[in-house]
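Each chain is listed here by its residues.
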Amino acid sequence: MQFGSVPTVGVDALTLEDFLLDVREDDEWEAGHAEGALHIPMSEFVARYGELAEAAPADGKVYVLCRVGGRSAQVAQYLIQQGVDAVNVAGGMQAWEAAGRPVSDGKGGSGTVV
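The structure displayed is predicted, hence computed values, not measured ones.

Conventions adopted
- Residues numbered from 1 in each chain as written.
- Predicted model: local features only at pLDDT ≥ 70, side-chain atom pairs only at ≥ 80, totals over all residues.
- Heavy atoms only, no water.
- Helix = DSSP H or I, 4+ residues; strand = E, 2+ residues; numbered from the N terminus.
- Rg over C-alpha atoms; globule rule 2.2 N^0.38 Å.
- Areas by Shrake-Rupley, 256 points an atom, 1.4 Å probe, with all protein chains shown as cover.
- Lys, Arg positive; Asp, Glu negative; His and termini not counted.
- Charge placed at Lys NZ, Arg CZ, Asp CG, Glu CD.
- UniProt positions renumbered as here; feature names shortened; annotations may be inferred.
- Salt bridge = Lys/Arg side-chain N within 4 Å of Asp/Glu carboxyl O.
- Buried < 20%, exposed > 50% of the residue type's maximum accessible area, 1.4 Å probe, protein only.
- Pairing = 2+ DSSP bridges.
- Right-handed = clockwise from strand over helix to strand, strands pointing away.
- Core = buried A, V, L, I, M, F, W, Y, C linked by side-chain atoms within 4.5 Å.
- Contact = heavy atoms within 4.5 Å.

**Details of the overall build of the protein chain**
- What the protein chain contains, in helices and strands, is four helices and six strands.
- Along the protein chain, helices and strands appear, N-terminal first, in the series β-β-β-α-β-α-β-α-β-α.
- Here the protein chain has a C-alpha radius of gyration of 13 Å; the compact-globule value for 114 residues is 13 Å, and the two agree.
- Projected onto its principal axes, the C-alpha coordinates of the protein chain cover approximately 35 × 30 × 25 Å.
- Accessible area of the protein chain: about 5800 Å², with a carbon and sulfur share of 52%.
- Averaging the positions of the 7 positive and the 17 negative side-chain charges in the protein chain gives two centres separated by 4 Å.

**Remarks on the UniProt feature "domain: Rhodanese" (unreviewed entry) in the protein chain**
- When the UniProt feature table is mapped onto this chain numbering, "domain: Rhodanese" (unreviewed entry) sits at residues 20-105.
- Between the end C-alpha atoms of residues 20-105 there is a gap of 16 Å, over a span that is 37% helix and 15% strand.

**Section: the pattern of salt bridges**
- Enumeration according to the criterion identifies five salt bridges in this entry.
- Measuring nitrogen to oxygen at the nearest pair gives 2.6 Å for the salt bridge that ties glutamate 44 to arginine 48.
- Close ionic contact of glutamate 51 with arginine 48 constitutes a salt bridge, the shortest N to O distance being 2.8 Å.
- The class of glutamate 51 is partly exposed, set by a relative accessible area of 34%.
- In this structure, a network of salt bridges that share partners links the residues Glu44, Arg48 and Glu51.

**Looking at the environment of glutamate 17**
- Topologically, glutamate 17 is positioned in the loop between β2 (6-9) and β3 (19-22).
- Placed 19 residues apart in sequence, glutamate 17 and glycine 36 show a C-alpha to C-alpha distance of 9.8 Å.

**Focus: the pairing of strand β5 (residues 62-65)**
- With burial as the criterion, each face of β5 is covered, one bearing Val62 and Val64 and the other bearing Tyr63 and Leu65.
- As paired elements, β3 and β5 share four bridges and run parallel to each other. The partner of leucine 20 across the bridge, within β5, is tyrosine 63.
- Once you follow β5 into helix α3 (residues 70-81) and on to strand β6 (residues 86-89), the crossover reads as right-handed.

**Structural notes on the nonpolar core**
- Judged by nonpolar contacts, the single largest core of 17 residues is most densely connected at Leu21, Phe45, Leu52, Val62, Val64, Val75 and Leu79.
- Listing elements by their share of this core, those giving two or more residues are β3, β5 and α3.
- If we skip the residues at most four places from it in the chain, leucine 21 touches Leu38, Ile40, Phe45, Leu52, Val62, Tyr63, Val64, Leu65, Val75 and Leu79.
- Core analysis: the next-biggest nonpolar cluster, separate from the first, contains 14 residues, Leu14, Trp29, Ala37 and Leu65 among them.

Take a look at the structure:
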């Protein structure tokens, strides 16, 4: 599946081993996120790119999430231009939550997608 020229997958294609990058803003992240995802807000992404370079698997894909898929598509496009094997997650965290995947508040509780 493509979102413009960006490779895109649905939430159902993701496994527990996949590397997730959440590009939502801090308030969205704090309300609820996928456990284990790396959080770098889109508004800070270029300045904090080094954090992704350190954390991402050297030879694996980076699955990019936002709330519904628009911001993540933009970040995935940027990553592809940097030579990263990036994939946009269609439907973002709303689709993640709707699919029954766990949403964490980061404090041991159940989160919500805002």
